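Observations on the model geometry
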Amino acid sequence: MDWRKTNILGYSLVVVMVSILLSCSVSYSFNGASIDYTKVKTITISDFPIRANYVWGPMQTIFNNELKDIFANHTRLSQVKRNGDLKIEGEITQYNQRNKSVSSEGHSAQTELSMTVNVRFTNNTEHKDDFERQFTATASYESTQSLTSVQEELVTQMVKEITDQIFNATVANW
């Protein structure tokens, strides 16, 4: 008789534990964005022209594609040509290189490439979130290398960094 009580108690405990586990559910979703999709459904992302003195042609296309891709991949917002609930526009204002360090012989050892983008953000559902701000990224390369041999890789890195900064400032509330 003792083993029956133990067995019934054991089964009852298992049933109660399974019921508790099944009734509790944890919902976790991380996409980097904190958007109220009941208010915000669309976004307009204008192409950013290059207004810098020094220009590398493919930079504009790389930047514009990456900016649109980050919002497409990390939000449920529909991208529209105009009148979006959110609006991002601006221009690439600087693209420069400068000597970063000097070798013991007095020659440049490293060169730093920098890119700055001016962004105007409008939240048509909450205008208190509107801003105009500049975002900058830098990348370095050995001066023994030519800029043309590393330019695409470095611009891609800087664009990724700047678009992450823009995403975080606009919809991630970081």
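Summarised in this report is the structure supplied together with it. (Residues numbered from 1 in each chain as written. Predicted model: local features only at pLDDT ≥ 70, side-chain atom pairs only at ≥ 80, totals over all residues. Heavy atoms only, no water.)

Scanning the protein chain from terminus to terminus reveals 3 helices and 5 strands. For the protein chain, the succession of helices and strands along the chain, N to C, is α-β-α-β-β-β-β-α. By the burial criterion, 34% of the 174 residues in the protein chain qualify as buried. In the protein chain, the share of contacts with a sequence separation of at least 24, taken over all contacts with a separation of at least 6, comes to 69%. As presented, the protein chain carries roughly 11100 Å² of accessible surface, and 51% of it is formed by carbon and sulfur atoms. (Helix = DSSP H or I, 4+ residues; strand = E, 2+ residues; numbered from the N terminus. Buried < 20%, exposed > 50% of the residue type's maximum accessible area, 1.4 Å probe, protein only. Contact = heavy atoms within 4.5 Å. Areas by Shrake-Rupley, 256 points an atom, 1.4 Å probe, with all protein chains shown as cover.)

Of the two faces of strand β1 (residues 42–45), the one carrying T42 and T44 and the one carrying I43 and I45 are both buried. Sheet topology note: the β1/strand β2 (residues 78–79) ladder contains 2 bridges and is parallel. If you follow I43 over to β2, its bridge partner there is Q79. Taken together, β1, helix α2 (residues 58–74) and β2 form a β-α-β motif whose crossover is right-handed. (Pairing = 2+ DSSP bridges. Right-handed = clockwise from strand over helix to strand, strands pointing away.)

This paragraph deals with the environment of V80. Among the secondary structure elements, V80 is positioned in the loop between β2 and β3 (86–102). For V80, a relative accessible area of 29% corresponds to the partly exposed category. The spatial distance from the C-alpha of V80 to the C-alpha of I45 is 7.8 Å, given a sequence separation of 35 residues. Not counting chain neighbours up to four residues away, the residues in contact with V80 comprise T42, I43, T44 and I45.

In this section: the nonpolar core. The biggest cluster of nonpolar side chains holds 41 residues, and the ones touching the most others in it are F63, F71, Y95 and M115. Those elements that place two or more of their residues in this core are β1, α2, β3, β4 (108–123), β5 (131–142) and α3 (147–172). Sorting elements by how many residues they give to this core places α3 first, with 12 residues. If we ignore the near neighbours within four places in the chain, the residues touching F63 are F48, I92, M115, V117, V159, I162, T163 and I166. (Core = buried A, V, L, I, M, F, W, Y, C linked by side-chain atoms within 4.5 Å.)

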